[in-house]
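Structural overview for review
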Amino acid sequence: SDSGSDSGSEDSSLSDSELQAAFASGLLKPGLNVVLDERPKRRNDVEGLRQCLGEFQQRQLAWVERLDVTLGPVADPVSQSASNDDAVDPENDFQREMSFYQQAQAAVLEALPRLRKLQVPTRRPDDYFAEMAKSDQQMQKIRQKLKSKQEAMERSEKAKQLRAMRKYGKKVQTEILQRRQKEKKNMLNAVKKYQKGLSDKLDFLDEEQTSSQGNKKGSASQRIKKGPNAKRRYKNQKFGFGGKKKGSKWNTKESFNDVSSFRSKVAHNKGPGKAGKGGKKALNKRPGKRARQKMKSRAR
């Protein structure tokens, strides 16, 4: 045994060329190499098949024990004629498989009535129970794995949606900031032009007022849609609305038309006290910068 192990270790340490030379000279021991026989050639043993068929015929078994169906050439459903043996090319896969399929169909159509006549069941019953190849524990593990995989896919899908929503939110936010910066820049440019006297239009103020009024209207509509909160509704239900207010400071048609207390001298700074302080100097006061710019622009 020791010598065999030594020789085995020596053989394992040899290179491929040395092993091939040793195999050619016959120095390798049996068991290390296996000589494969040539594959037997396929042949159609007609005599052997007939001999086996004759042995089955001698037993004289009932058809239900044999279940053999022998058919001649199968009728082609397209041409409705029997196909010859030479019509099917064995090298053509499609023709060969179609001939097998048609022959199997014809065999089924012939065998099923005979099986029903012998009361042999051909369909699986509704309450058929087949034993599983895998145990319940293995199937439970597979079910848990599939469930975890599905949950992981759902989590990844939710994460993708959240990332898309954040990306869209950031995009909208940047667009709003850019629009505000652009509006601010345009308004500053318009103010600078107006201050330098290059333009006498105050459209930017109107735009600002309309935008602020639109925001106020929007907020008011939101407040109207929202309505009072639960606390306010509870107090209104408990204490009521307090009734109509006094309305002493409200203006009416009579008070609006009453101009008896109007003093033109007081309203236009022409009273005695005003004349004593300023006099003619107040009337000859230099106009402001904006008024001078307007006068210049009109002169142009």
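Residues numbered from 1 in each chain as written. Predicted model: local features only at pLDDT ≥ 70, side-chain atom pairs only at ≥ 80, totals over all residues. Heavy atoms only, no water.

This brings us to the overall build of the protein. Looking only at helices and strands, one finds 13 helices and zero strands in the protein. Put simply, the protein runs from its N terminus to its C terminus through helices and strands in the order α-α-α-α-α-α-α-α-α-α-α-α-α. Taken across its 300 residues, the protein has 4% of its residues classed as buried. Counting contacts in the protein only where the partners sit at least 6 residues apart, residues at least 24 apart contribute 42% of the total. When the accessible surface of the protein is summed, it comes to about 29,600 Å², and 53% of that surface belongs to carbon and sulfur atoms. (Helix = DSSP H or I, 4+ residues; strand = E, 2+ residues; numbered from the N terminus. Buried < 20%, exposed > 50% of the residue type's maximum accessible area, 1.4 Å probe, protein only. Contact = heavy atoms within 4.5 Å. Areas by Shrake-Rupley, 256 points an atom, 1.4 Å probe, with all protein chains shown as cover.)

For the rest of this paragraph, the subject is the pattern of salt bridges. Scanning the model with the defined rule gives two salt bridges in all. Here Asp-68 ties to Arg-66 by a salt bridge, and the two come within 2.8 Å at their closest N and O atoms. Residue Arg-96 pairs with Asp-93 through a salt bridge whose shortest N-O separation is 2.8 Å. Of this pair, Arg-96 and Asp-93 both sit in helix H5 (residues 93-117), separated by three residues, roughly a single helical turn. (Salt bridge = Lys/Arg side-chain N within 4 Å of Asp/Glu carboxyl O.)

Owing to its 3.6 residues per turn, the α-helix aligns residues three or four sequence positions apart on the same side. Along its 61 residues, helix H6 (residues 136-196) runs 89 Å from first to last C-alpha, staying within 8% of the 90 Å computed at 1.5 Å per residue. Two residues or fewer past H6, Gly-197 is found with a positive phi of approximately 85°. (Expected span 1.5 Å × (residues − 1).)

Our next topic: the packing of aromatic side chains. In this structure the tally under the stated criterion is zero aromatic pairs. Geometry around Trp-63 places Arg-114 over its ring, the cationic atom sitting 4.0 Å from the centre. (Phe/Tyr/Trp six-rings, centres within 6.5 Å; stacked < 30°, edge-to-face > 60°. Lys NZ or Arg CZ within 6 Å of the ring centre and 35° of its normal.)

A contiguous nonpolar patch, built from Val-64, Leu-67 and Leu-118 and spanning about 260 Å² of accessible area, is present on the exposed surface. Here Leu-118 falls in the partly exposed class, since its relative accessible area comes to 48%. (Patch = residues over 30% accessible without salt bridge, like charges linked within 9 Å, V, L, I, M, F, W, Y side chains within 5 Å.)

On to a positive patch on the surface, then. Together, Lys-160, Arg-163, Arg-166 and Lys-170 make up a region of like positive charge exposed at the surface. In this structure, Lys-170 sits in helix H6. By relative accessible area, Lys-170 is classed as exposed at 58%. (Lys, Arg positive; Asp, Glu negative; His and termini not counted. Charge placed at Lys NZ, Arg CZ, Asp CG, Glu CD.)

Time to look at the confidence of the model for the protein. Confidence in the prediction of the protein, expressed as mean pLDDT, is 77, and 72% of residues score 70 or more. Ranking the elements of the protein by mean pLDDT puts helix H1 (residues 2-13) last, at 46, and H5 first, at 90. pLDDT under 50 marks residues 1-11. Its contacts with residues more than four places away, or in other chains, come to five contacts. (pLDDT = per-residue confidence, 0-100.)

A negative phi holds for most residues other than glycine; trans holds for most peptide bonds. For Gln-60, which is not glycine, the phi torsion reads 55° and is therefore positive. Position of Gln-60 among the secondary structure elements: in the loop between helix H3 (46-59) and helix H4 (63-66). A positive phi angle, near 55°, is found at Leu-67, a position not held by glycine. Within the element layout of this structure, Leu-67 appears in the loop between H4 and H5.

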